[in-house]
Amino acid sequence: MRRETGHDPLHHASILPRSFFNRDPREVSAELLGKLIVRRERGKLLAGRVVEVEAYLGADDLAAHAAAGRTERNSVLFGPPGHAYVYFIYGVHYCLNISCMPEGEAGCVLVRAMEPVSGIEEMAKARGLSDLDFGSARNLRLLASGPGKLCEALDITRARDNDKDMVSPRCDLQVMEDGYLVGKVGITQRIGITKSAEMPLRYVVAGSPFVSVKIKN
DNA sequence: CAACCGATCACCT
DNA sequence: GGTGATCGGTTGC
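(A) Focus on the overall build of chain A. Looking only at helices and strands, chain A features five helices and nine strands. A globule of 217 residues ought to have a C-alpha radius of gyration of about 17 Å, and chain A, at 16 Å, matches this closely. Projecting the C-alpha coordinates of chain A onto the three principal axes gives extents of approximately 45 × 40 × 35 Å. In chain A, buried positions account for 51% of the 217 residues. Excluding contacts between residues fewer than 6 apart, the proportion of contacts in chain A whose partners are at least 24 apart in sequence is 63%. In the form shown here, chain A has an accessible surface area of approximately 10500 Å², with 52% of it arising from carbon and sulfur atoms.

Written as structure tokens, this is what we have:
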């Protein structure tokens, strides 16, 4: 298995300002592509570049957890922007969202897939895939090509991470930017929902092999 | 390779 | 008591 280089892969990276998330989730979604999700734990640095997200809006979006109003579970969505909203789904998986909009207004971006950048061995271990050879993109994409996989790779759980401030310099779960620019952005319907399913709110880096599913037109 | 299915939890009605 | 912003293994074209 290939080793990480000694040089810090986030040397040129900086934390996004909170204002980045203080607006409509659709704007945030388009610009979040190419940014970095960073996990720091036990002296290790785990990071991936976002290649797929979905926007979830407020009361008009019946697929959003916030649609029925504020509850104890979804209260993070109504809090300040830039916080992690983590929920448990289908009895098996966690999903990571980042809250958007000013405090008091709901909205978020679901982080659905990322290209692994740093801490490949750690992520593989967390995914139970330590035996694979990650020299090939074919295996590399197994690490975080879906919201549940991404959370497993970064060891994200509701108990541990819900409501964490992802734009705080001291947080062990952060969003960063390093000047990387994505190419063409594709927009499709969201995955796996039934209500408000027709709205085109899924944003992917066109041609990336690290996205979850390719949607046929 | 598409389609189906089981796992099995938190939340809301 | 029903539902769901998923995944991975299996089945059957």
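Once you've had a look at it, read on.
(B) Structural view of unusual backbone geometry. Positive phi values are uncommon outside glycine, yet Met-101 reaches one of about 70 degrees. Examined against the element boundaries, Met-101 turns out to sit in the loop between β5 (93-99) and β6 (108-118). Positive phi outside glycine occurs at Asp-163, with the angle close to 75 degrees. Residue placement: Asp-163 occurs in the loop between α5 (158-161) and β7 (173-177). For Asp-163, a relative accessible area of 41% gives the class partly exposed.

(C) Structural detail: the protein's contact with DNA strand B. Neighbouring residues of DNA strand B: Thr-71, Arg-73, Phe-88, Gly-91, Val-92 and Arg-158. The protein-proximal atoms of DNA strand B, defined as those within 4 Å of the protein, are 74% sugar or phosphate. For DNA strand B, a phosphate oxygen lies 2.3 Å from a polar atom in the side chain of Thr-71. Residue Arg-158 places a side-chain N or O atom 2.6 Å away from a phosphate oxygen belonging to DNA strand B. Residue composition of the surface near DNA strand B, grouped by class: two nonpolar, two polar and two charged.

Definitions and cut-offs
Residues take numbers from 1 onward in each chain, read along the sequence in its written order. Chains and ligands are labelled sequentially in the order written, the chains with letters from A and the ligands with numbers from 1. At least 70 in pLDDT is required for a residue's local features to be given in this predicted model, at least 80 for side-chain atom pairs to be given and counted, and no such filter applies to totals for whole chains, interfaces and linings, which use all residues. Side-chain figures throughout are based on the complete set of non-hydrogen atoms in the structure, without hydrogens or water. Helix and strand labels come from DSSP, where a helix needs a run of H or I of at least four residues and a strand needs a run of E of at least two; each type is numbered from the N terminus. Radius of gyration: over C-alpha atoms. The globule rule applied is 2.2 Å multiplied by the number of residues raised to the 0.38 power. Per-residue accessibility, obtained with a 1.4 Å probe over protein chains only, is compared with the maximum for each type, and a residue is labelled buried under 20%, exposed over 50%, and partly exposed between these values. Should any heavy atoms of two residues lie within 4.5 Å, those residues are counted as being in contact. Surface exposure here means Shrake-Rupley accessible area, sampled with a 1.4 Å probe, where a residue is shielded only by the protein chains that are shown. Being near a molecule or strand, for a residue, comes down to having at least one heavy atom within 4 Å of it. Polar contacts, as counted here, are pairs of nitrogen or oxygen atoms within 3.5 Å of one another; within protein the pair requires one atom able to donate a hydrogen and one able to accept it, and residues that are adjacent in sequence qualify only if both atoms are side-chain atoms. Following the grouping adopted for this structure description, the nonpolar residues are Ala, Val, Leu, Ile, Met, Phe, Trp, Tyr, Cys and Pro, the charged ones are Asp, Glu, Lys and Arg, and the polar ones are all others, Gly among them.

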